[in-house]
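Summary of the model geometry
Here's the letter readout for the chains.
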Amino acid sequence: MSIRIDGLNKNFEDFTALKDVSLEVHTGKLVALLGPSGSGKTTLLRVIAGLEFADSGRVFFNDKDVTEHSAYERRAGFVFQHYALFQHLSVFDNIAFGLEVRPRATRPSKDEIRERVHCLLQLIQLEDLAKRFPSQLSGGQRQRVALARALAIEPHVLLLDEPFGALDAKVRKELRAWLRRFHNETHITSLFVTHDQEEAFEVADEVVILNHGSIQQIGAPKKIQTEPANAFVQDFLGLDFEI
Amino acid sequence: MAGVVPDLTLIRPAVRPAVRPRRATEEGPFIRWTLIVITVLFFAAFLVLPLVTVFVEAFRKGTEYYFKALSDPIAWSAIKLTLVTAAIAVPLNTVFGLAAAWAITRFSFRGRQFLSTLIDLPLWVSPVIGGLIYVLLFGTQSPFSPWLIAHHIKIVYATPGIIIATVFVTFPFVARGLIPLMQNQGVAEEEAALTLGAHGWQVFFRVTIPKIKWGLLYSVILSNARAMGEFGAVSVVSGHIRGLTNTIPLQIEILYNEYSFAAAFALASLLSLLGLATLALKTYIEWRAGGRPS
């Protein structure tokens, strides 16, 4: 499913978070939102998820206007920087949550839920830890559980907010490679926020660079690196070009 | 393990370090022991001694008299009134406290800070004033009085007044207990639940309530202890009608003023037991909440 954003504006009191942001994420792409802190990338992701509402502008999922839809109607899988796992639920119940809360008519049976959760546990390679609680997991394990939980609802799109930001360098690299492989297999339209350019350029098909709430450049990693659109991009990427 | 009992007296000297490890914040032995002794003495004089006295005095005339004093119809009606009052005031304040804590921590609106401060009002003003407000509001001088009389509604010097005064005095407890907790926890788990397709009530019952349950229970039992023990506010609105509008604390005062010390202390021992039970429950909750979340 594609995501299209049309002229988003968002202000927090006297701070401008998003300024006339328009963007299209094509079906099956893995796109990175890259920018310094305070550039509006997380706000943009939250507006797409329905966790935040823009002052003006529209959000479309596959040409369907979801601007007024609440988060639970959008079915956008969201992965939080600090995991936001349910502390009082086991790994199994965390992953099953999105299925358990469905209305009776569309809720899978207990057996189906168990089967699906086990499939996801297999995917994230944590089958043995189904009964553990989040507090008993390492950071990397928690983030994998959070991913599985988001995937359990078979989301239309996957939104990741600095998913590896709280992890140490080694785990970050592993998970990054894992995410890329996972995306190659599933081709679920994904948008992830990061302030780490290495991460963005290594993982994403396309990189969107934001600063002060507006888009500076959109393009394939190579293209951005060889042809920075303006002085900000050049400076932010630390590229020294002789003019 | 079984069968082999190590002789601890032999092991101990070897295990014990020659010098206790000292920390920078640890004072010398003189200051340390002075503070410990002061704390223990103060605790004994102001907390343990009175508590023991209550029970000693209550049983001064024997167990038989103790139970007779408690089963006296007037004492019994005071116990019932106290229970009824708490049974109404505590759930009301639990719902109110939850709603207020939710509103203050989850929404931003004009006057939020003011509301947050206003919730503490009953803690600042003397409970007597709390009671007086309702006497003035619903008593014979009040503008509502003719209407209340016409509809045969009696608030002041009756059970409704006692309940209202108790609600007034105890309403900060739940909200105050929950606000810092909910502010600390943030809303990330609730947001996650929303993105997973949960609706408002599902988020509340499946995510928020489990997150705050120990804090909530803690606040509720504190609120309950205060509701049952409240004297000042209830005293003003009660009218002290024996067997009708006296709660346990009021009945204790009356008995005491009539020199029925043993009977007064018998009732007082009930309230003390409630206090001890609250303390035990509170300790249990802290122990549970401190452990692994489950």
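The following paragraphs examine the structure supplied in this document. Note that this is a predicted model, so its numbers are computed, not measured.

Let us now look at helix α3 (residues 91-100) of chain A. Count 3.6 residues to each turn of an α-helix, and residues three or four apart come out pointing the same way. Buried residues dominate α3(A), accounting for eight of its 10 residues. As for α3(A), its buried residues are in contact with α4 (110-123) and α5 (139-152) of chain A together with α11 (188-195) and α12 (200-229) of chain B.

All names here are of chain A. The pairing of strand β1 (residues 3-12) with strand β4 (residues 56-61) spans five bridges and is antiparallel. Note on β4: the bridge partner recorded for Asp-6 is Arg-58. One ladder, built from two bridges, connects β4 with strand β5 (residues 64-65); its direction is antiparallel. By the bridge assignment, Phe-60 is partnered in β5 with Asp-65. Linkage of β4 to β5, two consecutive antiparallel strands, is achieved through a turn of two residues, within which Asn-62 is found at a positive phi near 55°.

Right, let's get into the packing of helix α10 (residues 172-185) of chain B against α12(B). Geometry of a packed helix pair, given as the angle between the helix axes and the separation of the axes. All names here are of chain B. At their nearest, the axes of α10 and α12 sit 8 Å apart, and the two run at 155° to each other. Judged by the inter-axis angle, α10 sits roughly antiparallel to α12. Considering the relative orientation of α10 and α12, their crossing is right-handed. Here Phe-173, Val-174, Gly-177, Leu-178, Leu-181, Met-182 and Gln-185 of α10 lie close against α12, whose contacting residues are Thr-208, Lys-211, Ile-212, Gly-215, Leu-216, Ser-219, Val-220, Leu-222, Ser-223 and Arg-226. Looking at the contact of α10 with α12, its residues break down into nine nonpolar, six polar and two charged.

Looking now at the interface of chain B and chain A. The interface is formed by 18 residues belonging to chain B together with 22 residues belonging to chain A. Between chain B and chain A, a total of about 1,900 Å² is buried, with carbon and sulfur atoms accounting for 66% of that surface. Taken together, the connections running from chain B to chain A amount to one salt bridge. Arg46(A) serves as the salt-bridge partner of Glu191(B), at 2.6 Å between the closest nitrogen and oxygen. Our enumeration of links across chain B and chain A arrives at five residue pairs in polar contact (both at pLDDT 80 or more).

Rules behind the numbers
Residues numbered from 1 in each chain as written. Chains lettered and ligands numbered in written order. Predicted model: local features only at pLDDT ≥ 70, side-chain atom pairs only at ≥ 80, totals over all residues. Heavy atoms only, no water. Buried < 20%, exposed > 50% of the residue type's maximum accessible area, 1.4 Å probe, protein only. Helix = DSSP H or I, 4+ residues; strand = E, 2+ residues; numbered from the N terminus. Contact = heavy atoms within 4.5 Å. Pairing = 2+ DSSP bridges. Axes fitted to C-alpha atoms, helices over the stretch in contact; angles between N-to-C directions. Parallel < 35°, antiparallel > 145°, perpendicular 65-115°, else oblique. Left-handed = near helix turned anticlockwise from the far one by under 90°. Nonpolar A, V, L, I, M, F, W, Y, C, P; charged D, E, K, R; others polar. Buried area = accessible area lost by both parts, 1.4 Å probe. Salt bridge = Lys/Arg side-chain N within 4 Å of Asp/Glu carboxyl O. Polar contact = N/O pair within 3.5 Å; in protein donor to acceptor, adjacent residues only side chain to side chain.

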